[in-house]
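Here is what each chain is made of, one letter per residue.
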Amino acid sequence: MNKAVTLQTNQINKWFRDPISVHVLKDITFKIHAQEFVSVIGKSGCGKSTLLYILSTMDTDYEGDLIIGGENMRDHTEQQLAHVRNEKIGFVFQFHYLLSEFTVLENVMLPGLKLGRFPEELIREKALSRLDQLGIKKLADKNANQISGGEKQRVSIARALINDPSIIMCDEPTGNLDKVNSQIVFEIFKELTKTYHQTLLVVTHDPDFADNTDRIIEMEDGKIIKQ
Amino acid sequence: MKLSLIYRIAKSLLLARWRQTLVAAVGVTFSITMFIALLGFMTGLNDLLDGLILNRTAHVRLYNEIEPNTTQPINLSSEYRSSYNFVHSVKSVRSRQRIYNSGAILQALKADERVIGIAPKIQAQVFFNEGAVDITGVINGIDAEEESRLFHFSDYVIAGNAQDIAIVSNSIILGKGLADKLLASMGDVVQVTTISNERFPLKVVGIFQSGVQEFDKVQSYASLSTAQKILGEPNSYITDIQIKARNIEDAPKMAKELAQLFGTDAEDIQTANSQFETGSFVRSLISYAVGITLLIVAGFGIYNILNMMIYEKMDSIAILKATGFSGTDVNRIFMMIALSIGLFGGMLGLFFGFLTSLGIDQIPFNTTALPTITTYPVNYSPTFYFIGSAFSLVTTFLAGWAPAQKASMVDPVITIRGK
């Protein structure tokens, strides 16, 4: 593939130092190109989630380089990293992590309001169209804790999409869902990459899910064994 | 980052736990209420007690002290000017007690910008005769109208009318204690003997009660002309000039200046009654200390509730951070929460404090010592309301500081991984 590199890692190493020093990530080097649908698989404890937190810029305690959109994250302050997360990265977690104090619509709108690139009315329209696209527009005014797990996961996907991020990262997005909902979520991802050319990085331990992605990065004991 | 978004998130977090919020706000409300009520009441009492003396005391009093002459004749002699003179056995002289050239002094004072009013006065030492007993007393010759205007004289006349001493000739208003001793009531005639041994009958036209018993046992009031008659002096004779200054703080300076200008002694209110100022100050200090203690306790309440809220909202904080809110934003959100509790609680506190003050103001308070007072005194000075609101904000700010700091430090990875 000759497309632009969205995200690149260079020799990332990480240790857990407490209570004993454990070398969790060893020389992780890979690239994710624009419009790729990449999955990271591996057994529990192989470090794939840890890697995702580093890639998401939330974990800054590592060695090596993380380059997102051509910028090295090592030089960024906490404020700048927050801005990068806001603007360039969308997240979908295993546990849906919506703000229960807000409605579904507000949950989707918040990162957009934070970025402040568009006026509130436009963000609202975008959020509604995203919800519509994911088939949950009718839930927009419900409270975030009044909807089902599958619906919550779709809301968090809508939230991840609100700022048109250059990459969406997912941590076991289907890990907590039944087969039907997993299928729905997977179809959504598929559509995002095919129709909207969205770059996706999904951490999963579900081989069926991974088999349907463009590229699989397989990890074991903190190392990439196959990509 | 836009403040309106921070405000919106803070509001949602607050309303999601409105019961806790209410408890925190009620803590602030209660302490501000008590702060306002306590200070209003305390200051009201202070003003009342100070008023007992200060209202009736001239800010500057001009008079002639009986004292040894500072300039002995030998010092005036040119022959001995260069020598050092020792004079033994110097005695106080019974010099003129009258203020010399009083008419001109009164004129000059009336023209003085710093003076609100002046009331001339004559102090005469007398004996009141009741059968075989002589009771020492003081007759104050006053201008009843001015005295009432400047020093609230008529407020303390509990029977009869203050103006009557000017209307009825040879009349007197007796202090309550003195009247009791003389068994005199309204309309009676009391006998007075002056120091120069002249007897005078005076008609009682009023009874006076100041609230200071010792004072009421010796003092009595008559008109200037009556006092002059008793002393056998001409009608320019006055012994004191009482001055009410526009600004009480100017009194010491004015006293010094006037003493020099008019060649009399002058005493200012601060020097004469310094113990009252000390008393007021200590009472205010105690009220402030209690009020501030209450607020600090409320501050700990807010601190606790915010801390708890942060533990509960760990997930929300993590998700906010994951979706691009920085630590500073989270910090601001929680500071906003703390300050809204302070603002809301504080405003309610001011309101309830005002209501409590009104309530205290209605409680009957009758004491023989204070004839003009029927309910507890309350001071409604806006200063307390200002201090109260400022302090409620400061306390909540400080109480919110540490929890907000903690919230901004929340590591989203630990929270998300922890699931």
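Residues numbered from 1 in each chain as written. Chains lettered and ligands numbered in written order. Predicted model: local features only at pLDDT ≥ 70, side-chain atom pairs only at ≥ 80, totals over all residues.

Caption draft 1: Quick peek at the overall build of chain B. Assigned secondary structure in chain B consists of 16 helices and 10 strands. For a compact globule of 419 residues, the expected C-alpha radius of gyration is about 22 Å, and chain B comes in at 33 Å, more than 25% above that figure. On the principal axes, the C-alpha backbone points of chain B span a range of 105 × 65 × 40 Å. By residue count, 40% of the 419 residues in chain B fall in the buried class. (Helix = DSSP H or I, 4+ residues; strand = E, 2+ residues; numbered from the N terminus. Rg over C-alpha atoms; globule rule 2.2 N^0.38 Å. Buried ≥ 20, exposed ≤ 12 C-beta atoms within 10 Å, placed from the backbone.)

Caption draft 2: Quick peek at the overall build of chain A. Helix and strand counts for chain A come out as 7 helices and 10 strands. Computed over its C-alpha atoms, the radius of gyration of chain A comes to 17 Å, within 12% of the 17 Å expected for a compact globule of 227 residues. On the principal axes, the C-alpha backbone points of chain A span a range of 45 × 45 × 40 Å. Counting all 227 residues of chain A, 47% fall into the buried class. Within chain A, counting contacts between residues at least 6 apart in sequence, those at least 24 apart form 72% of the total. (Contact = placed C-beta atoms within 7 Å.)

Caption draft 3: Structural detail: helix 15 (residues 382–409) of chain B. Between its first and last C-alpha atoms helix 15 of chain B spans 40 Å; for 28 residues at 1.5 Å apiece the expected length is 40 Å, and the two agree. The largest bend along helix 15 of chain B measures about 35° and falls at Trp-401 of chain B, with the proline Pro-403 of chain B one to four residues further on. (Expected span 1.5 Å × (residues − 1). Bend = angle between axes of the 7 residues up to and from the residue.)

Caption draft 4: Summary view of the interface of chain B and chain A. Each side of the interface is counted separately: chain B has 21 residues, and chain A has 24 residues. Among the secondary structure elements, those contributing two or more residues to the side of chain B that touches chain A are helix 1 (3–16), helix 13 (314–322), helix 14 (327–362) and helix 16 (412–417) of chain B. Counted by class, the side of chain B that touches chain A contains 10 nonpolar, 7 polar and 4 charged residues. (Nonpolar A, V, L, I, M, F, W, Y, C, P; charged D, E, K, R; others polar.)

Caption draft 5: A look at unusual backbone geometry. Residues and elements named next belong to chain B. The backbone of Ser-89 sits at a positive phi, close to 60°, despite the residue not being glycine. For Ser-89, a count of 4 C-beta atoms within 10 Å corresponds to the exposed category. Backbone geometry at His-152 places phi at a positive 55°, although glycine is not the residue there. Along the polypeptide, His-152 turns up in the loop between helix 5 (144–151) and strand 4 (157–160).

Caption draft 6: Structural context of the environment of Asp-75 of chain A. Residues and elements named next belong to chain A. Relative to the helices and strands, Asp-75 is located in the loop between strand 5 (71–72) and helix 2 (78–88). Classification of Asp-75 by C-beta neighbours within 10 Å gives exposed; the count is 7. Considered as a pair, Asp-75 and Gln-146 are 71 residues apart in the sequence and their alpha carbons are 41 Å apart.

Caption draft 7: Geometry of the pairing of strand 1 (residues 5–16) of chain A. Residues and elements named next belong to chain A. By the bridge criterion, 8 bridges tie strand 1 to strand 2 (residues 22–33) in an arrangement that is antiparallel. Each residue of the ladder has a partner; that of Val-5, found in strand 2, is His-33. Examined bridge by bridge, strand 1 and strand 4 (residues 63–68) share 5 bridges and lie antiparallel to one another. Bridge pairing in strand 4 links Asn-10 to Asp-65. (Pairing = 2+ DSSP bridges.)

Caption draft 8: Inspection of helix 2 of chain A at higher detail. Those residues of helix 2 of chain A not exposed but buried are Leu-81, Ala-82, Val-84, Arg-85 and Asn-86 of chain A. In this fold, the buried residues of helix 2 of chain A make contact with strand 4, strand 6 (89–92) and helix 3 (104–115) of chain A together with helix 13 of chain B.

Caption draft 9: Representation of the sheet that holds strand 8 (residues 200–203) of chain A. All names here are of chain A. The 6 strands lie next to each other as 6-7-8-3-9-10, forming an open sheet whose pairing is mixed. Unpaired on one side and paired on the other, strand 6 and strand 10 (223–226) mark the two borders of the sheet. This sheet shows a mean twist of 25° between the axes of neighbouring strands, independent of strand direction. Bridging between strand 3 (residues 37–42) and strand 8 involves 4 bridges; their strand directions are parallel. Counterpart to Val-38 in the pairing with strand 8 is Leu-201. (Axes fitted to C-alpha atoms, helices over the stretch in contact; angles between N-to-C directions.)

Caption draft 10: Examining the sheet that holds strand 1 of chain A more closely. Read from one edge to the other, the open sheet built from 4 strands follows the order 2-1-4-5 (chain A), with strand pairing classed as antiparallel. Each edge of the sheet is formed by a strand with only one pairing partner; in this case those strands are strand 2 and strand 5 of chain A.

Caption draft 11: Region of interest: the packing of helix 3 of chain A against helix 5 (residues 149–161) of chain A. Residues and elements named next belong to chain A. Across the interface, helix 3 lies against helix 5 with an axial gap of 7 Å and an inter-helix angle of 30°. In terms of orientation, helix 3 and helix 5 fall into the roughly parallel class. Handedness of the helix 3/helix 5 crossing: right-handed. The residues of helix 5 that touch helix 3, namely those facing Val-104, Asn-107, Val-108 and Pro-111, are Val-155, Ala-158 and Arg-159. Split by residue class, the contact of helix 3 with helix 5 holds 5 nonpolar, 1 polar and 1 charged. (Parallel < 35°, antiparallel > 145°, perpendicular 65-115°, else oblique. Left-handed = near helix turned anticlockwise from the far one by under 90°.)

Caption draft 12: Examining the environment of Leu-51 of chain A more closely. All names here are of chain A. Tracing the sequence through the fold places Leu-51 in helix 1 (residues 48–55). Measuring from C-alpha to C-alpha, the distance between Leu-51 and Tyr-62 comes to 9.8 Å, with 11 residues separating the pair along the chain. Excluding residues within four positions of it along the chain, Leu-51 makes contact with Leu-25, Ile-28 and Val-40.

Caption draft 13: Region of interest: the environment of Ala-266 of chain B. All names here are of chain B. Looking at the element boundaries, Ala-266 is found in strand 10 (residues 265–268). Using a count of 22 C-beta atoms within 10 Å as the deciding quantity, one classes Ala-266 as buried. Taking the C-alpha atoms as reference, Ala-266 lies 68 Å from Ser-12; in sequence the two are 254 residues apart. With residues near it in sequence (within four places) discarded, Ala-266 still touches Val-60, Arg-61, Leu-62, Ala-255, Leu-258 and Ala-259.

Caption draft 14: Expanded view of the packing of helix 14 of chain B against helix 15 of chain B. Residues and elements named next belong to chain B. For the pair helix 14 and helix 15, interaxial distance at closest approach is 7 Å and the crossing angle is 155°. By the angle class used here, helix 14 and helix 15 are roughly antiparallel. Considering only the axes of helix 14 and helix 15, their crossing is right-handed. In the contact of helix 14 with helix 15, the residues fall into 17 nonpolar, 16 polar and no charged.

Caption draft 15: Expanded view of the confidence of the model for chain B. Looking at chain B as a whole, its pLDDT mean stands at 84, while 98% of the residues score no less than 70. Interface confidence for the predicted complex, expressed as ipTM, amounts to 0.85; the pTM equals 0.70. (pLDDT = per-residue confidence, 0-100.)

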